[in-house]
Amino acid sequence: MLIDELLFGKNKSLSKKSDSLFESQADIARSIMKVEGGGFKNKNEGSVRAFINQALRPDSDKNSRPISPNLRKALFAVIKERLHDEINVDIFLTEVDQALLELKSGKGTYPL
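This text gives an overview of the structure that appears in the document. (Residues numbered from 1 in each chain as written. Predicted model: local features only at pLDDT ≥ 70, side-chain atom pairs only at ≥ 80, totals over all residues. Heavy atoms only, no water.)

1. Structural notes on the overall build of the protein chain
- For the protein chain, the helix and strand inventory stands at 5 helices and 0 strands.
- In the protein chain, the succession of helices and strands from N to C terminus is α-α-α-α-α.
- In terms of C-alpha radius of gyration, the protein chain reaches 13 Å, essentially the compact-globule figure of 13 Å for 112 residues.
- Projecting the C-alpha coordinates of the protein chain onto the three principal axes gives extents of approximately 40 × 35 × 20 Å. (Helix = DSSP H or I, 4+ residues; strand = E, 2+ residues; numbered from the N terminus. Rg over C-alpha atoms; globule rule 2.2 N^0.38 Å.)

2. A word on the environment of S64
- Following the sequence through the fold, S64 ends up in the loop between α3 (45-55) and α4 (69-82).
- Sequence separation of S64 and Q54 is 10 residues, and the distance between their C-alpha atoms is 4.7 Å.
- If sequence neighbours within four positions are ignored, S64 has contacts with Q54, R57, P58, D59 and K104.
- In terms of polar contacts, S64 uses its side chain to reach the side chain of D59, at 3.4 Å. (Contact = heavy atoms within 4.5 Å. Polar contact = N/O pair within 3.5 Å; in protein donor to acceptor, adjacent residues only side chain to side chain.)

As structure tokens, then:
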């Protein structure tokens, strides 16, 4: 599955609260800024959103940035909070990791 489908796809069975795990990259930014120890607290939301935008681009894109360990940690913490109780968290996070690898290798699609 592609990263944009996992994070932003309309799938009511994934999320506890809405139709998708995240509504947008801004939603990811606001969420990870609340994670204790994630490294994004007290940062400017626009800057965090720009960082996420760059991290979710394939490496072939000139504006791409690597997915930092802090971003991965904070993103996974928020996914764990939002994921529906019936979903196996470890399997889902493995799928997200795989989709991120595919994105960075140029096989995935860029989530807007």
